[in-house]
Amino acid sequence: MNIITKRIRGMQDVLPQESKEWETVEKIMKEEAELYGFKSIRTPILEHTELFERSVGDTSDVVEKEMYTFNDKGNRSVTLRPEGTAGVLRAVLENGLHNNPLPLKLMYVSSCYRYEKPQSGRYREFFQFGLEIIGASDVLADIQLICTADSILKRLGINSVSLEINSIGCPCCRKKFNEALKNYFEIHSSKLCQTCKDRLYRNPMRIFDCKNPECGEICKGAPVILDYICEKCSSHFEKLKTLLKSVKINYKINPEIVRGLDYYSKTVFEFVCNIDGTNLTLCGGGRYDDLSEILGGPSLPAIGFGMGIERILMVMKKQNAFFEKPSSPEIYIAPLGEKAVPKALELCEILRRSSIFAETDIMNRNLKSQMKYADKINSRYTLVLGDEEIQSGKAKIKEMKNSKEYEIFLNENFINNFLDIQFKNYNI
Ligand code: HAM
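## Digging into the site of the ligand
What surrounds the ligand is a group of 26 residues, the closest being E83, E116, Q128, R259 and Y264. One of the side-chain N or O atoms of Q128 is found 2.8 Å from an oxygen atom in the ligand. One of the side-chain N or O atoms of R311 is found 3.5 Å from a nitrogen atom in the ligand. For the ligand, the protein covers 96% of the area, taking 650 Å² as the surface of the free molecule. Among the secondary structure elements, those contributing two or more residues to the shell around the ligand are β6 (125-134), β10 (278-287) and β11 (302-308).

## A word on the pattern of salt bridges
In total, this model carries 35 salt bridges according to the counting rule given. We note a salt bridge from R90 to E47, for which the minimum N-O separation is 2.8 Å. Of this pair, R90 sits in helix α4 (residues 85-94) while E47 sits in strand β2 (residues 46-48); the two residues are 43 residues apart in sequence, bridging distant segments of the chain. The two residues R90 and E47 agree in class, both being buried.

## Overview of the sheet that holds strand β16 (residues 404-409)
The 5 strands are arranged β13-β12-β14-β15-β16 in an open sheet whose pairing can be described as mixed. The open sheet has two edge strands, β13 (358-360) and β16, and neither has a second partner. With strand direction ignored, the average angle separating the axes of adjacent strands in the sheet is 25°. Against the sheet, helix α13 (residues 367-376) touches β12 (331-335) and β14 (381-385), its axis set at about 170° to β12.

## Let's talk about the pairing of strand β9 (residues 265-275)
Within a regular strand, the side chains alternate between the two sheet faces. Burial of β9 is extensive: 10 of the 11 residues sit out of reach of the surface. As defined by bridge partners, strand β7 (residues 161-167) adjoins β9 across 7 bridges and the pair is classed as antiparallel. Directly across from L163, in β9, lies its bridge partner F271. Between β9 and β10, which pair antiparallel in sequence order, lie 2 residues; one of them, D276, sits at a positive phi of approximately 45°.

## Considerations on the domain arrangement of the protein
Splitting the protein by domain gives domain 1 (16-170 + 229-318) and domain 2 (331-421). One C-alpha centre belongs to domain 1, the other to domain 2, and the line joining them spans 49 Å.

## What to know about the sheet that holds β6
Taken together, 8 strands build an open sheet; the order of strands is β1-β5-β6-β11-β10-β9-β7-β8 and the sheet is mixed. Looking at the sheet topology across the chains shown, the edges are occupied by β1 (39-40) and β8 (252-253). In the sheet, strand β5 (residues 104-113) pairs with β6 via 10 bridges, with the strands oriented antiparallel. Bridge assignment links L104 to a residue of β6, and that residue is I134.

## A word on the layout of surface pockets
One water molecule sets the probe size; rolling that probe over the atoms shows where empty space is left. Looking at the second largest pocket, its volume works out to about 320 Å³. Contributing to the lining of the second largest pocket are 15 residues, with P171, R174, N203, D262 and Y264 lying nearest its centre. Sorting the residues of the lining of the second largest pocket by element identifies α6 (171-187) and α10 (291-294) as the ones contributing at least two each. Looking at which element gives the most residues to the lining of the second largest pocket, the answer is α6, with 3 residues. Each residue belonging to the lining of the second largest pocket can be placed in one class, and the counts come to 8 nonpolar, 3 polar and 4 charged.

## Concerning the packing of helix α5 (residues 139-155) against helix α9 (residues 231-246)
The geometry of α5 relative to α9 is characterised by a closest axis approach of 9 Å and an angle of 40° between their N-to-C directions. Classed by the angle they form, the pair α5 and α9 counts as oblique. In the packing of α5 onto α9, the handedness of the crossing is right-handed. On α9, the residues touching V139, L140, D142, I143 and I146 of α5 are H236, K239, L240, L243 and L244. By residue class, the composition of the contact of α5 with α9 is 7 nonpolar, 1 polar and 2 charged.

## A look at a positive patch on the surface
A cluster of basic residues, R365, K368, K372 and K376, forms a positive patch at the surface. You can see R365 is positioned in the loop between β13 and α13. Relative accessible area serves as the criterion here: at 30%, R365 is assigned to the partly exposed category.

## Observations regarding the pairing of β10
Within β10, 7 of the 10 residues are buried, which leaves it mostly tucked inside the rest of the structure. Inspection of the sheet shows β9 paired to β10 by 9 bridges, in the antiparallel sense. Counted as the bridge partner of C273 is L280 from β10. By the bridge criterion, 5 bridges tie β10 to β11 in an arrangement that is antiparallel.

## What to know about α6
Taking 1.5 Å per residue as the helical rise, α6 with its 17 residues ought to reach 24 Å, and the 24 Å between its terminal C-alpha atoms agrees with that figure. Of the residues making up α6, those classed as buried are C173, R174, F177, N178, A180, L181, Y184 and F185.

## What about the environment of E21?
The topology assignment puts E21 in helix α1 (residues 16-35). In this structure the C-alpha to C-alpha distance between E21 and K325, which are 304 residues apart in sequence, comes to 8.3 Å. If near-sequence neighbours (up to four positions away) are discounted, E21 is found in contact with L313, K317 and F323.

## Structural notes on the packing of aromatic side chains
Within a pair of aromatic rings, the relevant descriptors are the distance that separates the centres and the angle that separates the planes. Inspection of the entire model under this criterion finds 11 aromatic pairs. With a centroid separation of 6.0 Å and 70° between ring planes, the pair formed by F185 and F208 is classed as edge-to-face. In this pair, F185 is assigned in helix α6 and F208 in the loop between α7 (194-202) and α8 (213-219), connecting sequence segments 23 residues apart. Its relative accessible area of 0% is what places F185 among the buried residues. In this structure F208 comes out as partly exposed when scored by relative accessible area, which is 23%. With a centroid separation of 6.1 Å and 75° between ring planes, the pair formed by Y332 and Y373 is classed as edge-to-face.

Basis of the calculations
Positions within a chain are numbered from 1, following the residues in the order the chain's sequence is written. Only residues with pLDDT of 70 or above have their local features reported here, since the model is predicted, and side-chain atom pairs are shown and tallied only from 80 upward, although totals for entire chains, interfaces and linings are computed over all residues. Side-chain numbers here rest on the full set of heavy atoms in the structure, without hydrogens or water. Only a single heavy atom is needed: when it lies within 4 Å of a molecule or strand, its residue is near that molecule or strand. Distance and chemistry together define a polar contact, namely a pair of N or O atoms within 3.5 Å, with one atom able to donate a hydrogen and the other to accept it when in protein, and with adjacent residues in sequence counting only for side-chain atoms on both sides. Throughout, the Shrake-Rupley method with a 1.4 Å probe supplies accessible areas, and for residues the shown protein chains are the sole cover considered. Under the DSSP-based scheme used, a helix requires at least four consecutive residues in state H or I and a strand at least two consecutive residues in state E, with every element numbered from the N terminus. Criterion for a salt bridge: a side-chain nitrogen of Lys or Arg within 4 Å of a carboxyl oxygen of Asp or Glu. A 1.4 Å probe rolled over the protein chains alone gives each residue an accessible area, and that area as a share of the maximum for its type sets the label: buried under 20%, exposed over 50%, partly exposed in between. Two strands pair under a simple rule: DSSP has to find at least two bridges between them. To define axes, lines are fitted to C-alpha atoms, for helices over the stretch in contact only, and angles between the resulting N-to-C directions are given on a 0 to 180 degree scale. Note on contacts: a residue pair is in contact if any heavy atoms of the two residues lie within 4.5 Å. Domain delimitation follows an automatic or database domain assignment. A 1.4 Å probe that fits into a set of points on a 1 Å grid over the protein atoms alone but cannot get out defines a cavity; an open set with protein on both sides within 12 Å along at least five of seven lines defines a pocket, and lining residues are those with an atom within 4 Å of a point. Grid points are joined across faces, edges and corners, and a volume is the space filled by probe spheres set on the points. Note on residue classes: Ala, Val, Leu, Ile, Met, Phe, Trp, Tyr, Cys and Pro are nonpolar, Asp, Glu, Lys and Arg are charged, and everything else, Gly too, is polar. The scheme is simple: roughly parallel for angles under 35 degrees, roughly antiparallel for over 145, roughly perpendicular for 65 to 115, oblique for anything else. Working rule for handedness: look at the near helix, and if it is turned counterclockwise from the far one by less than a right angle, call the crossing left-handed; if clockwise, right-handed. Residues enter patches when they are more than 30% accessible in relative terms and free of salt bridges; like-charged ones are connected within 9 Å and nonpolar ones (Val, Leu, Ile, Met, Phe, Trp, Tyr) within 5 Å. In this tally Asp and Glu are treated as negative and Lys and Arg as positive; neither His nor the chain ends contributes. By convention, the charge on Lys lies at NZ, on Arg at CZ, on Asp at CG and on Glu at CD. By this rule, a helix spans an expected 1.5 Å times one less than how many residues it contains. Two rings belonging to Phe, Tyr or Trp (six-membered ring only in the last case) form a pair when the distance between their centres is within 6.5 Å. Interplanar angles under 30 degrees mark stacking, angles over 60 mark edge-to-face geometry, and anything in between is tilted.

This is the structure in structure tokens:
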């Protein structure tokens, strides 16, 4: 077939069968988050570019290389959101949500856009389920957030996922750490790629995000942030570890987690799953205590995470998770002849008003083709409606799997008759 164009590289169509799987996963995520008090928020897909430059950081891979940025017709630079947090915090500040009782607990499902090299589990359009707790500085917020992520993953039946945590300190400890990093990377600067050379003086921590293998090798010997964090950050991290033990969530300290976005401070974490020998981060997040002030708002310490829905589905399928099939009709009403058509439409509406999935012909098919179609779409019952049935006010309903027939009245008793037939058969 010569269609004029294909889908954009790194972007996916979610077809009806998969849509059901997406809906199931999103429903579980939302239900679980609601148990912890999260409420939904929706923000625009487009934001002014400076929002991401200032929050995600202009030396990050996301801002430097991956954003879909363009000028709109008013010649303003706008960007398709590469992540959810910055837009959510902008919306909180702009709408004064922080004047409500704190903390704010917000959840969202957002499409995100990053011009990355597409590969398994990495797309240019992907969907994040995100949670943000805004206005809480205590480590108890970190624990509640991590517990929510943990119970979502458990309810989705995802096994063999491990929680990795780290602390990247506050701007105060990071000053000393950045000095140490500069000293270390300067020694190796001749072997660094051009991007990392630029980052060396602007933001040396971002060198850890480089995907170039040579830079990766150099990173292995670099100073570790945990050796530089101040007393306050260290005590926050110690409390986090103690509380994680008390809620019985296993964790591993991974000093290499620095996250790729600039807004983080103190706690950072990732839930990682090993798939065919490669580690896939299903969920990543951390504290961003200073972001509100960076955006021009008041002090609003916060913590959040983003879960990649495609990756979650990928792992669930690998682990043979059970997904319900898209539903099929309970009944197909096949009209035969002109008089039967409006009656079939009327009966279908009556059924639908009682939340019963009903189908009828909209293709002007003959009876044989209608029955074939009813079989293909897996309708549980069929009802053939011709002149005779309309005249007598009675018809036969056939259960497709065993060809059993039941009489049904086409008057005001129709819906009760149908419910009786359904009920009897469920009881068998
Ligand atoms: P992030 O680690 O960049 O964090 O993304 C969160 C999750 O989104 C990742 O763990 C991964 O599952 C998924 N993800 C990221 N990039 C891709 C991609 N190209 N293709 C498929 N999935 C992807 C954030 O975005 C932060 N906003 C999370 C956060 C919320 N931190 C605080 N609050």
